[in-house]
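# Examination of the molecular architecture
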Amino acid sequence: MTELGFACTGVTTDPHAAGPTLVFRLRITAPAARVHALALRCQLRIEPARRGYGEAEGERLADLFGERSRWGTTLNPVQLAQVPLMVPGFTGETEVDLPVPCTYDMDVASARYLRALDGGEVPLLLLFSGTAFAGPRGFQVTPVPWDREASVRMPVTVWREAIDRHFPGCGWLRLPEDVMDALLAYRSSRALPSWEATVRELLTATEFEDAAR
């Protein structure tokens, strides 16, 4: 079995990607073999228990982890992404970029978690599996051991930069068709100029009803 080591040396954004994309710089080592290629599967997890949270952050995270008093048992890993990566041949050591598309869909736990943070760093764990094609002459096909992993702490500002490049100052919600139809009918009946105006009117009406009770 080919002895492989993985490390993540940094995280940036891809300014030319079609959607919000993080780029993880990976250093891969194979000191005892010539590697012809690696077909990797990379799983990225957020490790929320490995950082602290302010009071406002804790309130925004309540829908994910419950009340702060329960965090000892509820602060479980959150999956960020699972992506494939083909690594070209190398001898000894190489560095490659791992592009990771990210979502701003608030129905996705990772997006809700990241949106709730005011700043600091996000503890991430990268887990690797796949197939190594290696050998001095010809090649041997061996699995990448399941215990290969790497840790990195990503600044929250990097994620925000990726999102703001495509959704500056905005959020995104996914709604069922019947709710969208109802919203469209509400907007049309009142000749409201935008979806923002529609939602603001609904929020204002709700606040008025709550105050009247």
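Residues numbered from 1 in each chain as written. Predicted model: local features only at pLDDT ≥ 70, side-chain atom pairs only at ≥ 80, totals over all residues. Heavy atoms only, no water.

Now for the confidence of the model for the protein. Counting all residues, the mean pLDDT for the protein is 90, and 95% of those residues have values of 70 or more. Per-element mean pLDDT across the protein ranges from 75 in helix α7 (residues 195-212) up to 96 in strand β1 (residues 5-13). (pLDDT = per-residue confidence, 0-100. Helix = DSSP H or I, 4+ residues; strand = E, 2+ residues; numbered from the N terminus.)

So, on to helix α5 (residues 156-166). Residues of α5 that are buried: Val156, Val158, Trp159, Ala162 and Ile163. Looking at the packing, one finds that the buried side of α5 touches β1, β2 (21-46), α4 (109-116), β4 (121-134) and β5 (140-155). (Buried < 20%, exposed > 50% of the residue type's maximum accessible area, 1.4 Å probe, protein only. Contact = heavy atoms within 4.5 Å.)

Here we come to a nonpolar patch on the surface. On the surface, Leu173, Leu175, Val179, Met180, Leu184 and Trp195 cluster together to form a nonpolar patch covering roughly 520 Å² of accessible area. Take Val179: it is sitting in helix α6 (residues 177-189). (Patch = residues over 30% accessible without salt bridge, like charges linked within 9 Å, V, L, I, M, F, W, Y side chains within 5 Å. Areas by Shrake-Rupley, 256 points an atom, 1.4 Å probe, with all protein chains shown as cover. Salt bridge = Lys/Arg side-chain N within 4 Å of Asp/Glu carboxyl O.)

Let us look at unusual backbone geometry. Of note, Ala191 is a non-glycine position whose phi angle comes to about 55°, a positive value. Looking at the secondary structure, you find Ala191 in the loop between α6 and α7. Ala191 gets classed as exposed once you look at its relative accessible area, which sits at 65%.

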